[in-house]
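Here is how the chains run, residue by residue.
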Amino acid sequence: MPLLTILKYPDPRLQRVASPVQAVDARVRTLVADMLQTMYEAQGIGLAATQVDVHERVIVIDVSEDRSQPLVLINPELVWASPERQRSDEGCLSVPGIYDGVERATAVRVLALNEHGQSREEAAEGLLAVCIQHEMDHLLGKVFVEYLSPLKRNRIKTKMLKRREDAAPARGAA
Ligand code: GNR
Ligand code: NI
């Protein structure tokens, strides 16, 4: 079981807009460590604080094969996005089992603090660029299914709500 509980779509808390971190202190470093552990245990390549019901601008990512290259982005700001865009299949720990195509900028540059409070600019392309944009959307209260057609999104919503019911049957149910 992952350390922190990951909110599942369509939980309205996934729509909250995160606030900037005021100070990268021990509390924030504990949050980062807990988020990394949760991401690795859930076998995700990224996790935004919003998904664990913490509404601050904190992201953890690791797109490496051997899960050895954690990337911590605090108060991330997109400084550049390529005009070139590419569609790729995305999934989300908050929408388990659903994968669909989303169009994103092919490459981005992002300015962020790390867990030591140091400012760094990261250049990203490929899966890392996709993941950074996916996580930054979470901080704005946006889940990738919002890019899909209303028909697909509603089907996913119904499926998730049904699954939630099955997982927690009403008292007195057989
Ligand atoms: O684990 C994840 N995989 C993934 C695959 C394609 C595009 C984006 C992602 S992010 C996702 C983890 C997650 O939900 N992060 O918010
Ligand atoms: Ni996600």
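Quantities reported herein were computed from a predicted structural model and do not represent experimental measurements. (Residues numbered from 1 in each chain as written. Chains lettered and ligands numbered in written order. Predicted model: local features only at pLDDT ≥ 70, side-chain atom pairs only at ≥ 80, totals over all residues. Heavy atoms only, no water.)

## A look at the sheet that holds strand E7 (residues 119-125)
Here five strands make up an open sheet; going across it, the order is E1-E2-E3-E6-E7 and the pairing antiparallel. The two strands at the open ends of the sheet, each matched to only one other strand, are strand E1 (46-48) and E7. Across the sheet, the mean angle separating the axes of adjacent strands is 40° when strand polarity is ignored. Here strand E3 (residues 71-81) pairs with strand E6 (residues 107-113) via five bridges, running antiparallel. (Pairing = 2+ DSSP bridges. Helix = DSSP H or I, 4+ residues; strand = E, 2+ residues; numbered from the N terminus. Axes fitted to C-alpha atoms, helices over the stretch in contact; angles between N-to-C directions.)

## Here's the deal with the confidence of the model for the protein chain
When pLDDT is averaged across the protein chain, the result is 96; 98% of the residues are at 70 or more. Per-residue pLDDT, averaged within each element of the protein chain, yields its smallest value for helix H3 (residues 150-167) (96) and its largest for strand E2 (residues 58-61) (99). (pLDDT = per-residue confidence, 0-100.)

## Considering the site of ligand 1
Surrounding ligand 1, one finds 13 residues, the nearest of these being Ile45, Gln51, Leu93, Glu135 and His138. Note that an oxygen atom of ligand 1 is positioned 2.7 Å from one of the side-chain N or O atoms of Gln51. The separation between an oxygen atom of ligand 1 and a polar main-chain atom of Leu93 is 2.8 Å. Coverage of ligand 1 by the protein amounts to 89% of the 380 Å² it exposes when considered alone. Among the elements that make up the shell around ligand 1, the one with the highest residue count is helix H2 (residues 126-139) (four residues). Residues that form the shell around ligand 1 fall into these classes: four nonpolar, six polar and three charged. (Near = heavy atom within 4 Å. Polar contact = N/O pair within 3.5 Å; in protein donor to acceptor, adjacent residues only side chain to side chain. Areas by Shrake-Rupley, 256 points an atom, 1.4 Å probe, with all protein chains shown as cover. Nonpolar A, V, L, I, M, F, W, Y, C, P; charged D, E, K, R; others polar.)

## Describing the environment of Leu31
Structurally, the position occupied by Leu31 is in helix H1 (residues 26-41). C-alpha separation for the pair Leu31 and Ile98, spaced 67 residues apart in sequence, amounts to 27 Å. Aside from chain neighbours lying at most four places away, what touches Leu31 is Val54 and Val58. (Contact = heavy atoms within 4.5 Å.)

## Thoughts on the coordination of the nickel ion (ligand 2)
Taken together, Cys92 (SG), His134 (NE2) and His138 (NE2) make up the protein donors of the nickel ion (ligand 2), found 2.1 to 2.3 Å from the metal. Look at where the donors of the nickel ion (ligand 2) fall in the sequence and you get C-x41-H-x3-H. Note that Cys92 is positioned in the loop between strand E4 (85-90) and strand E5 (100-105) and His138 in helix H2, a separation of 46 residues in sequence. (Donors = N, O, S within 2.8 Å, 3.2 Å for Na, K, Ca; no water.)

## Describing H1
For H1, which comprises 16 residues, the first-to-last C-alpha distance of 22 Å matches the rise-based estimate of 22 Å (1.5 Å per residue) to within 8%. Along H1, the residues classified as buried are Val28, Leu31, Val32, Met35, Leu36, Thr38 and Met39. For H1, the angular spread of buried residues about the axis comes to 165°, placing them on one side. Count one or two residues on from H1 and you reach Gln43, which has phi positive near 60°. (Expected span 1.5 Å × (residues − 1). Buried < 20%, exposed > 50% of the residue type's maximum accessible area, 1.4 Å probe, protein only. Arc of directions from axis to C-beta.)

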